[in-house]
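Structural overview
Here's the letter readout for the chains.
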Amino acid sequence: MTISKSILRLAAMTALLFGSALQAQDFPNQPIKLLIPYPPGGSADMLARPLTASLQKELGQPVVLEYKAGAGGTIASAQLARSKPDGHTILMVLAAHAINPNLYANLPYDTRKDFTPVSLVATLPLLVAAPFATPANNIQELVAYAKSNPDKLTFASAGNGNTSHLAAEMFKSTAGIKMLHIPYKGSGPAVVALLAGDVSLMFDSISTSLPQVTSNKLKALAVTGAKRSALLPDVPTIKESGYPDFVVDGWYGILAPAGTPKPIVDKLNKAFANAARTPAIKKQLEGFGYEVVASSPDEFGQHIENELNRWEKTVKEAGVTMQ
């Protein structure tokens, strides 16, 4: 009896592995939908678009970008969690993916259990940008003005709970200042408000604010990375502006639904790595401020776990919650 059960179990496992292998050989057999959790024009869009042509060549199927903005990226994440785990629906996630479980009490998915990591594609720092009318030209002046004028400065973000929001909240707490938060539905609309002078500043992905700075439409006060950006070598970091413990980098990765067979995950991982490391694409992305990573699935899974733990502490200290 025991031998029979063992044989049946082995047969079932063999069938499962054989089935997954066949499924991977057949993948992809239809267009791939890449969900983007923010509107067109934002940093996720700017990363995804250059990759699509190479991805299509690698995978032999069209890669269609589908924008599912709202609720700090949780709408897109919930859609992925409900999707069939066959690799044909995937999601680009940002740092907010690891922030949201610490903000929302009742997410419609489990961040640790409902997704399969594919690759950490790229990272980039945030840029503290402001209209020229804002009465500060660097971080020291910004802090001095904010302390003398509590809540007079306003800061835009790409949405409540977004990295651009919490990075500013972290800085408020670190510097001991008060500013008013004005959320928008994505980085693109927030930058438009910044250009119009509707807000005083923004902690934004360098990729979306850099063109406005280099064209002299906005001024750069600082970057949030551990070192200065090669694209703005004269702009100091917040770390070197008197706040040595303040370092925040944005990151961008790809997830598939939980249960996606490993051969399919590996095929997607290889496609994204090859696309991101294509010399012309890599050069273009670096020109936007991204640093290409193209990690393994396991490395990305560990990165997410580290970020979940990091942001849990940060959110609690900042006292930020979402309904």
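Refer to the preceding data block for the structure.
Residues numbered from 1 in each chain as written. Predicted model: local features only at pLDDT ≥ 70, side-chain atom pairs only at ≥ 80, totals over all residues. Heavy atoms only, no water.

1. As for the overall build of the protein chain
To keep things clear, this is the line we draw: Numbering of helices and strands starts at the N terminus; helices are DSSP runs of H or I of at least 4 residues and strands are runs of E of at least 2. We take the radius of gyration over the C-alpha atoms and set the globule estimate at 2.2 Å times the residue count to the 0.38 power. Between buried and exposed lies partly exposed: a residue is buried under 20% and exposed over 50% of the maximum accessible area for its type, with that area taken using a 1.4 Å probe on protein chains only. Residues count as neighbours in contact if any of their non-hydrogen atoms are within 4.5 Å of one another. For every accessible area listed, the method is Shrake-Rupley and the probe measures 1.4 Å; residues are considered covered only by the protein chains on display. When charges are tallied, Lys and Arg are placed among the positive residues and Asp and Glu among the negative ones, while His and the ends of the chain are skipped. Charge positions come from single atoms, namely NZ of Lys, CZ of Arg, CG of Asp or CD of Glu.
Within the protein chain, the regular secondary structure consists of 11 helices and 10 strands. In summary, the protein chain has a C-alpha radius of gyration of 21 Å against a globular reference of 20 Å for 323 residues, a match within 12%. Considering only C-alpha atoms, the protein chain reaches an extent of 80 × 40 × 30 Å along its principal axes. For the protein chain, with 323 residues in total, the buried portion stands at 54%. Long-range contacts, defined as pairs at least 24 residues apart, comprise 79% of the intrachain contacts of the protein chain with a sequence gap of at least 6. When the accessible surface of the protein chain is totalled, it reaches about 14400 Å², and 54% of it is carbon and sulfur. Within the protein chain, one finds 29 positive and 25 negative side-chain charges whose respective centroids are separated by 3 Å.

2. Brief notes about unusual backbone geometry
Most peptide bonds adopt trans geometry, and most residues besides glycine take a negative phi value. Residue P28 is reached from F27 by a cis peptide bond, and omega for that bond is -10°. The residue N216 is not glycine, and still its phi comes out positive at about 65°. You can see N216 is positioned in the loop between α8 (206–214) and β8 (219–223). One non-glycine residue with positive phi stands out, namely A294, at about 55°. Relative to the elements of secondary structure, A294 occurs in the loop between β10 (291–292) and α11 (297–318). Since its relative accessible area comes to 8%, A294 is described here as buried.

3. Points about the packing of helix α7 (residues 187–195) against α8
Put simply, the rule is: Whenever a helix is involved, its axis is fitted only over the stretch in contact; in every case the axis is a line through C-alpha atoms, and angles between N-to-C directions fall within 0 to 180 degrees. If an angle is under 35 degrees, it is roughly parallel; if it is over 145, roughly antiparallel; if it lies from 65 to 115, roughly perpendicular; otherwise it is oblique. Whether a crossing is left-handed or right-handed is set by the direction in which the near helix is turned from the far one by less than a right angle, anticlockwise for left-handed and clockwise for right-handed.
Two numbers describe how α7 lies on α8: the axes approach to 10 Å, and their chain directions differ by 25°. By the angle between their directions, the pair α7 and α8 is classed as roughly parallel. Crossing of α7 against α8: the hand is right-handed. On the side of α7, the interface is formed by S187, V191 and L195, while α8 contributes T208, S209 and Q212.

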